[in-house]
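So you can see what is in the structure, the chains are spelled out below.
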Amino acid sequence: MINQTSIWITGAEGRLGQALCNEYENNTDFRLVTSDTDVPVDNLEEILRFANVARPEVIINCAGLTDDAKCEANPDEAYKVNALGARNVAIAARRIDAKLIHISTDDVFGGQGFHALNEFDAPTPTTIYGKSKFAGEKLVESLIDKHVIVRSSWNYGLATKDFVDMVIEHAKANEEILLPLDEFSTPTSANALAGFVEKLVQSDEYGIFHASCEGGCSRADWAREILRTCGYADIPVHTQAKEPKRPRFTLLDNMMMRITNIYKMPEWKEELHKYLKENGYGKE
């Protein structure tokens, strides 16, 4: 009989959740169980019940309310999912002695400086989304020893509409694209992030890890690279002052990944080109 590692993915229908499911789909070394809104992370009773039945050895918490506008308009809901939800999953992981890999964000930083942020820099979130995700991080840290918090940035991928889709929609409609002048970080595909999370599942590493693709750019330059690669270089991209609450500079330094020598993320342009080609985003 094969000795399989049991993994539970919450938020399995999102970008990273779908990418992880694809990673493990045909891997007989792992037994995968998934949940999404059918087992809401903000309901402790349901989370504990699912955990007690599934008995996973590893929980990957991908669940979250990530829409900035929704978070700002509904702070209670943001904290309910991003903070209380993280707490509930951590409680369940501790109760069944599972390793918890909790997915967070570069938005825990306020973006006031101009240097790449490593895992030892102090978070200073400015948005409800960032604040609620940081609250979730702190709850995970306080409730369970066997945890890894993974911060990533500007994630894109299949399953839900994202920045890539928005840019291509404007291009197909021959519409100009208006983006913030000074938002700077790193586009990171869900597939690239899933590769690192898969490595964490099989490692003895714990703590906080940054996991963004290598390099960085502005949102406007990201859009221009998408358009150029897909054959829409003639579509204009204009810039304007950013939204007041949005972080300006949240470039992540994957220092822990580097000094532990556990993994290396791909360069952002190479990964973007690969994603666009594999998923048929070229001009029709």
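Calculation rules
Residues numbered from 1 in each chain as written. Predicted model: local features only at pLDDT ≥ 70, side-chain atom pairs only at ≥ 80, totals over all residues. Heavy atoms only, no water. Core = buried A, V, L, I, M, F, W, Y, C linked by side-chain atoms within 4.5 Å. Buried < 20%, exposed > 50% of the residue type's maximum accessible area, 1.4 Å probe, protein only. Helix = DSSP H or I, 4+ residues; strand = E, 2+ residues; numbered from the N terminus. Contact = heavy atoms within 4.5 Å. Pairing = 2+ DSSP bridges. Right-handed = clockwise from strand over helix to strand, strands pointing away.

Asks: Where do I start with the nonpolar core in this structure?
Replies: For soluble globular proteins, the rule of thumb is that nonpolar side chains tend to be buried together. Counting 55 residues, the largest nonpolar core has Ile60, Ile101, Val164 and Trp222 as its most contacted members. Tallying contributions element by element places helix H7 (residues 190–201) first for this core, with eight residues. Once you skip the residues sitting within four places of it in the chain, Ile101 turns out to touch Val58, Ile59, Ile60, Asn61, Val148, Val150, Val197, Leu200 and Val201. Ala63, Tyr129, Val140 and Ile208 belong to the second-largest nonpolar core, a separate cluster that totals 30 residues.

Asks: Would you mind going over the pairing of strand S4 (residues 99–105) with me for this structure?
Replies: Taking burial as the measure, the seven residues of S4 include seven buried ones, the bulk of the element. One ladder, built from four bridges, connects strand S3 (residues 58–61) with S4; its direction is parallel. The partner of Asn61 across the bridge, within S4, is His102. Sheet analysis places S4 next to strand S5 (residues 147–152), joined by six bridges and oriented parallel. Following the sheet pairing, Thr105 is matched in S5 by Ser152. One crossover worth recording links S4 to the parallel S5 by way of helix H5 (residues 128–143), and it is right-handed.

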